[in-house]
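Summary of structural features
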Amino acid sequence: MDPQMHERRKRRQTLAELGSSMRLLYDETAFGDRKGSWMDPEQRVILNVGGIRHETYTHVLKKIPATRLSRLTPNLANYDSVLNEYFFDRHPGVFAMILNYYRTGKLHYPTNVCGPLFEEELEFWGLDANQVEPCCWMTYTQHRDTQDTLAVIESLDLDRDPPTEEEVAKKFGWEDDYYSHSLNWWQRTKPRLWALFDDPNSSKLAQIRSYLSVIVVLVSILSFMAKTHPYFRIPQITVIYETGVILENRRAAIGAIKDFTQPWSHFFYIDAICNVWFTFELIARLFFCPNISKFLRSPLTIIDIICTVAYYIDLLLHAILLQAGSIVTLDFLSMICVMRLFKLTQHFSGLKILIQTFKASAEELGLLVFFVLLAIVIFAALVYYAERSQLNPDNQFTSIPTGLWWSLITVSTVGFGDMVPKTWLGMVVGSVCAMMGVLTIALPVPVIVSNFSNLYSHSQARSKLPKKRRRVLQAHEVKPNLLSVKSVPGKPRKRSNTPATPPIDQRKTGINGGADVGKGEEMARTPRSAKGHLHHSNPHSSANHQEANRLIEN
C-alpha cells in the first residue's frame, strides 16, 4: 500500500473520531440545557376533563395565579398516579376554551353551550366571567337578559305549577305548625278559599268564579255606557200651567221644561247586583288573604276599593242631592267604574304581558315623551313667527300657546285641520313638523315591539314546558345501594365475555316512555362500581337482573 494513501486514510479516520466526539459533546450540552427548560417532558401536565385528555406545560397553568389549575399538585385527590393525569368530571367543551385562555390570555365564549353553564364552569376553575373578550360579550350576556325576562314572567304567575303544602304554609306564616303537623281545620281551609278567589287555575270552581267575575265586570261597563244613550234615558219634564184659565175642568198648560234626564230604572238594579258581587268579592279576598297589608297595597285592590266606595257615595248623593241638580258630580263618580277593566288582567295573561311591556319600556317611552314635547315647543314657536312674517289677515296662530295644539296634532300625524298655516314659510314649517313627528314616534316603536315579542315568546315557551320535571339527585343524595349491586345469595356469579344487556322493559325508550325511560336513564347513570358488577353477571340469568333492577329502583 502506498504510504501516502495510508497516511490519508489514517488522517480521515482521526477526523471522523474527532467529529463524533464533538457531536457527542454537543448532544450532552444540548440535553443539559434542555433538561431545565420549560419544554422538558417532565414539565408536561395531562388533564383528563370529562373523558377528554388535554396536555400542556406547568408554566402555562401558572400564567393565571390563584386559580384551580395553577395549584395542581400530585397530592390532590384528582391526581391518578397510575395514569399520571389529573381527572376532573367537568364539561370538556368549555374546558377547551378555558385552557386556550391560559395559553393565549384571551377568553372566548363557546356558542354551543348555555350561558349559566359557562358561568358555572368559570366559577369552578376560579376564573372571572368579566374577562370574556368584547367579540363574544354580546352573545355571552344574552342569557342574562333571558333570565331577567323569565324572572319577570315568573312574577306574573302565568300558568305556574300549583304550590306545595309547604309553600302555602310559608305564604301564610304557618311553617312551624306545618313542620310539627299541627295544622287545624281553619289553617287547612283558608288557603283553599284564598285560591278560590285569587287563582283561577287552582280548581274548577275557581275557574267558574273567574268566568262569573269577568261577566259581571263586562255587564257593569256595558250598563254604564248604555245608560248614557238617549234611547235609554227618560226625560224629567216640568209642565207650566196658566193660572186662572180652566178648560173643561182642566187647567190649560202653556209650556213644558225638560229639567234633566234619568236612565231607565232597570240600570239601577243591574248596577246594584254587580256592585253587590264586587263588594262580596272584595270582602272575601280581604278576609282570606295571607297578608292584609300587602293585599291592600296591591294596585288592583286599590282600584276595586275606589270603584266600590264611589258607587256607594254615588248612591248616597243620588238619594240626597237629586233635587239639588248635582248631576255632574254624580256622573263623575259613576265614571270611576270604568277602572274596573283593569281587573281583567287577573284573568288574561296577554294583558299582564302588555302591562309588563310598558313597564319594561318605561325608559324608551319617557325618551319618546321628551322628544315629542321638545318638538311641540320648537315648532309652535316656529309656526307662530312664520305666520307673522307675511301679510296674513286669516292668521290663526295668535300666540305660541295657541300653536302648541297645532304642533301636537301635527307631530302625532293626526291633523284635524282646524288650524292650518297660510303662508309659504308656515307651510314649510308644517311639512318639517310632520316629517319630524313620523321619525320621532317611529324610533322607539321597534324597542317596545321587541320587548313585547320577547316577553310573549318566552311566556308561550314556558307554558309548553312539562309541568313536572324529573328530579336529579345530588352527589350526597345517592344511596349507598346504588353504588354497588350485591349478588343473589346462594347463586354464585358467572363470568361471561358477552356484555350485559339490560332487560327489554329498560330498553323501551320514546317520547312518551315515562317510567321506562326513567329506568333506562337510571341504569345509564349507575356508577362504575355498579356497572362493573352488572357486566360480570350472566345476561341470561333473570334472577340476577331482577335483583339488580330492584336495588337500582330502590
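Residues numbered from 1 in each chain as written. Predicted model: local features only at pLDDT ≥ 70, side-chain atom pairs only at ≥ 80, totals over all residues. Heavy atoms only, no water.

Per an unreviewed UniProt entry, the recorded name for the protein chain is BTB domain-containing protein, and the organism is Mesorhabditis belari. UniProt, in its Subcellular location (unreviewed entry) section for the protein chain, records the words "Membrane". (UniProt positions renumbered as here; feature names shortened; annotations may be inferred.)

Notes on the UniProt feature "transmembrane region" (unreviewed entry) in the protein chain
Mapped onto this structure's residue numbering, the UniProt feature "transmembrane region" (unreviewed entry) falls at residues 208-226, 267-288, 295-313, 319-342, 365-386, 398-417 and 424-449. In residues 267-288, the share of helix is 100% and the share of strand is 0%. The end C-alpha atoms are 32 Å apart. Note that residues 295-313 is 89% helix and 0% strand, and that its end C-alpha atoms are spaced 23 Å apart. (Helix = DSSP H or I, 4+ residues; strand = E, 2+ residues; numbered from the N terminus.)

Observations regarding the packing of aromatic side chains
Geometrically, a pair of aromatic rings is defined through the distance of the ring centres and the angle of the planes. Following the criterion strictly, the structure yields 31 aromatic pairs and no others. Judged by centre distance (5.2 Å) and plane angle (70 degrees), the ring pair of phenylalanine 287 and phenylalanine 288 falls under edge-to-face. When its relative accessible area of 53% is taken as the criterion, phenylalanine 287 is described as exposed. Taking 5.5 Å as the distance between ring centres and 85 degrees as the angle between the ring planes, the aromatic pair formed by phenylalanine 397 and tryptophan 406 counts as edge-to-face. (Phe/Tyr/Trp six-rings, centres within 6.5 Å; stacked < 30°, edge-to-face > 60°. Buried < 20%, exposed > 50% of the residue type's maximum accessible area, 1.4 Å probe, protein only.)

Things to note about the nonpolar core
Within the largest apolar cluster, 27 residues are counted, with the highest numbers of intra-cluster contacts made by Leu47 and Phe118. Among the elements that make up this core, the one with the highest residue count is helix α3 (residues 92-104) (six residues). Those residues in contact with phenylalanine 118, other than ones at most four positions away along the chain, are Val94, Leu107, His108, Tyr109, Pro110, Val113, Val132 and Tyr140. Core analysis: the next-biggest nonpolar cluster, separate from the first, contains 13 residues, Ile376, Val383, Val411 and Val429 among them. (Core = buried A, V, L, I, M, F, W, Y, C linked by side-chain atoms within 4.5 Å. Contact = heavy atoms within 4.5 Å.)

Here we look at a nonpolar patch on the surface
A cluster of nonpolar side chains, namely Leu286, Ile292, Leu296, Ile305, Val309 and Ile313, defines an oily patch on the protein surface of about 450 Å² accessible area. Of all the secondary structure elements, the ones that give two or more residues to the nonpolar patch are α12 (292-296) and α13 (299-320). Among the elements that take part in the nonpolar patch, α13 stands out by supplying three residues, more than any other. Checked against the element boundaries, isoleucine 313 lands in helix α13. A residue is classified by how much of its surface remains accessible, and isoleucine 313, at 40% relative accessible area, is partly exposed. (Patch = residues over 30% accessible without salt bridge, like charges linked within 9 Å, V, L, I, M, F, W, Y side chains within 5 Å. Areas by Shrake-Rupley, 256 points an atom, 1.4 Å probe, with all protein chains shown as cover. Salt bridge = Lys/Arg side-chain N within 4 Å of Asp/Glu carboxyl O.)

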